[in-house]
Amino acid sequence: MKPELTRIPQDFNGFQSFTKNNDFPIFIFGADIVGKVMAELLKSNGITVTAFVDNNKNKCNINIGNIKVIHASELAKENNDSIILIASTYIADIIAQLEDMGFLNWLPIYNILEDKKDSDLESFLVGSLRYNHSGGGFTQDFDSFVLSNMINSQKKYLDPKSLYIRSVDLILTEKCSLKCKDCSNLMQYYEKPINISLEELQQDLDDLCTVADEINEIRIIGGDPFMHKDCHKVVQHAASYEQVNKVVIYTNGTICPPEEKIAQMAHKKTFVFITTYGDLSRNAEKLGQLLKKYNIPFNIQDAYGWTDCGDIKLYDRNQAQLNELFRFCCAKNFTTLTDGKIFRCPFAANTERLNAMPESAENYISLKGLSKQSAETIHKKKLSLKHYLRDIPSIPACNSCNGRTYGDPEIQPGIQVKQQIKYQKYSRNTEKEPV
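Given the structure is predicted, the values throughout are model-derived calculations rather than measurements. (Residues numbered from 1 in each chain as written. Predicted model: local features only at pLDDT ≥ 70, side-chain atom pairs only at ≥ 80, totals over all residues. Heavy atoms only, no water.)

Visitor: Describe the pattern of salt bridges, and please don't skip the residues or the numbers.
Guide: For the structure shown, the criterion picks out 19 salt bridges. One salt bridge in this structure joins Asp 169 and Arg 219, with 2.4 Å as the shortest N-O distance. With Asp 169 in strand E7 (residues 164-171) and Arg 219 in strand E8 (residues 214-221), this residue pair connects regions lying 50 residues apart in the sequence. Owing to a relative accessible area of 2%, Asp 169 belongs among the buried residues under this scheme. A residue is classified by how much of its surface remains accessible, and Arg 219, at 14% relative accessible area, is buried. Lys 233 is the partner of Asp 230 in a salt bridge, and the nearest nitrogen-oxygen pair spans 3.8 Å. On the basis of relative accessible area, Lys 233 is assigned to the partly exposed category, the value being 36%. Here the residues in one salt-bridge network are Asp 339, Lys 341, Glu 352, Lys 368 and Arg 428, joined through shared partners. (Salt bridge = Lys/Arg side-chain N within 4 Å of Asp/Glu carboxyl O. Helix = DSSP H or I, 4+ residues; strand = E, 2+ residues; numbered from the N terminus. Buried < 20%, exposed > 50% of the residue type's maximum accessible area, 1.4 Å probe, protein only.)

Visitor: An account of helix H9 (residues 284-293) is requested, with residue identities and associated values reported.
Guide: For H9, the full list of buried residues reads Ala 284, Leu 287, Gly 288, Leu 290 and Leu 291. Along H9, the residues classed as buried sweep out an arc of 165 degrees about the axis, all on the same side. Away from its buried face, by an angle of more than 90 degrees, H9 presents the exposed residues Glu 285, Lys 286, Lys 292 and Lys 293. At the C-terminal side of H9, Asn 295 shows a positive phi close to 55 degrees. (Arc of directions from axis to C-beta.)

Visitor: Account for unusual backbone geometry, naming residues and giving values.
Guide: Across the junction of Gly 222 and Gly 223, the peptide omega takes the value 20 degrees, indicating a cis bond. Within the secondary structure, Gly 223 is located in the loop between E8 and helix H7 (231-239). For Asn 295, which is not glycine, the phi dihedral falls at a positive 55 degrees. By the element assignment, Asn 295 lies in the loop between H9 and strand E11 (298-302). With relative accessibility at 68%, the residue Asn 295 sits in the exposed group. In this structure, Asp 339 is a non-glycine residue whose phi angle is positive, near 55 degrees. If you trace the backbone, Asp 339 turns up in the loop between strand E12 (336-338) and strand E13 (341-343).

Visitor: Please give an account of empty space enclosed by the protein that cites residues and values.
Guide: On inspection of all chains with the given rule, the structure shows one cavity of 30 Å³ or more. Looking at the lining of the largest cavity, the elements that each hand over two or more residues are helix H10 (319-327) and helix H11 (346-353). The class makeup of the residues in the lining of the largest cavity is 12 nonpolar, two polar and three charged. (1 Å grid on protein atoms, 1.4 Å probe; cavity = no way out; pocket = protein on both sides within 12 Å on 5 of 7 lines; lining within 4 Å. Points joined across faces, edges and corners; volume = space filled by probe spheres on them. Nonpolar A, V, L, I, M, F, W, Y, C, P; charged D, E, K, R; others polar.)

Listed below in structure tokens is the structure:
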């Protein structure tokens with residue numbers, strides 16, 4: 001990765017002075033919560049933003065406040081001296097994209113936000129700014145959650161000395177209280193779904209935290225994690241690691257665990273993300289009230305942003321096509337942990353669990369038993385994992401995926417099916433022999 005240019009100050013006062021003395025257009029890459037905060041902060045200090053930029057076409061051709069949102073491809077029409085403020089946690093991907101387009105005046109925004117952290121940044125999010133591009137709102141707890149994620153992820157991801165992982169999805173269960181036809185985590189394909197044992201989950205976390213220097217967020221997922229009777233114990237175990245900053249439970253609002261289990265999940269690191277599906281999420285309000293009672297911050301939000309990426313099919317793509325699909329994938333950084341293995345995305349993790357693709361050890365990095373290994377072995381694994389998470393051009397699992405590209409047409413979320421969807425299974429001994 002090339003170092004950012006140092007002629008643009010990264011502190012707020014220096015940046016403000018620079019913009020007043022130089023007439024460069026200013027773009028904010030990331031048309032979401034933090035980008036909105038950044039634009040309002042700049043506006044309140046007399047700094048004009050030319051436009052928001054985003055890779056998601058569904059967010060483009062609209063205005064946020066009075067600022068237009070353009071697709072990243074349209075940057076090619078702009079002056080290469082433009083200042084690009086990056087409001088994305090996936091900063092390395094955006095930097096590479098910008099430099100490929102000839103834009104070198106990019107700037108991470110974490111220093112500016114940290115300089116103004118006492119300015120009540122969340123107060124900028126009022127009126128229409130509290131809604132996403134699909135019209136759904138988000139709770140105030142989510143403001144601080146997203147801002148802290150952004151600041152920490154940008155700061156730590158650019159540190160070449162440590163293995164920082166922005167998020168890890170920990171699969172607790174194959175069971176879900178819904179059976180959504182288009183689930184991107186492939187729950188619709190499990191015929192006899194199981195819960196993963198508490199002991200295995202705890203061991204997987206032990207092995208992961210042996211090698212990772214810092215994990216910003218352990219995402220407790222399924223299925224629906226509240227289908228697992230020991231979900232609260234997994235949350236407690238994950239929160240116990242010094243390396244883990246946050247533990248986030250993702251649920252669909254259909255299940256409200258017993259109050260005593262909610263109480264045991266209360267921790268300064270815990271956050272609950274409730275995605276609702278109309279009347280199906282019948283316990284969302286009850287769950288929210290209990291979370292409030294135990295001071296557990298949460299976000300409750302209607303499902304949105306689903307795309308047609310829930311199919312499993314073996315394609316015949318060449319390496320260049322696989323790399324292109326992976327390059328523009330919006331899920332390639334949804335690191336997933338299951339069965340002692342780290343995968344780049346939940347699709348790869350679940351197709352492996354389902355035996356729904358040809359076997360390939362290139363799809364994952366095994367961490368099984370790592371906590372009991374020597375320091376030398378752990379160091380070698382750390383280097384392998386860092387390369388896998390940051391440098392590889394694609395994984396073989398991409399050849400079984402329909403693709404999940406930024407800006408794909410959005411579909412109706414949460415359409416239910418009554419039975420498991422059939423799929424082709426592959427032997428784990430023969431590369432392409434179906435069973």
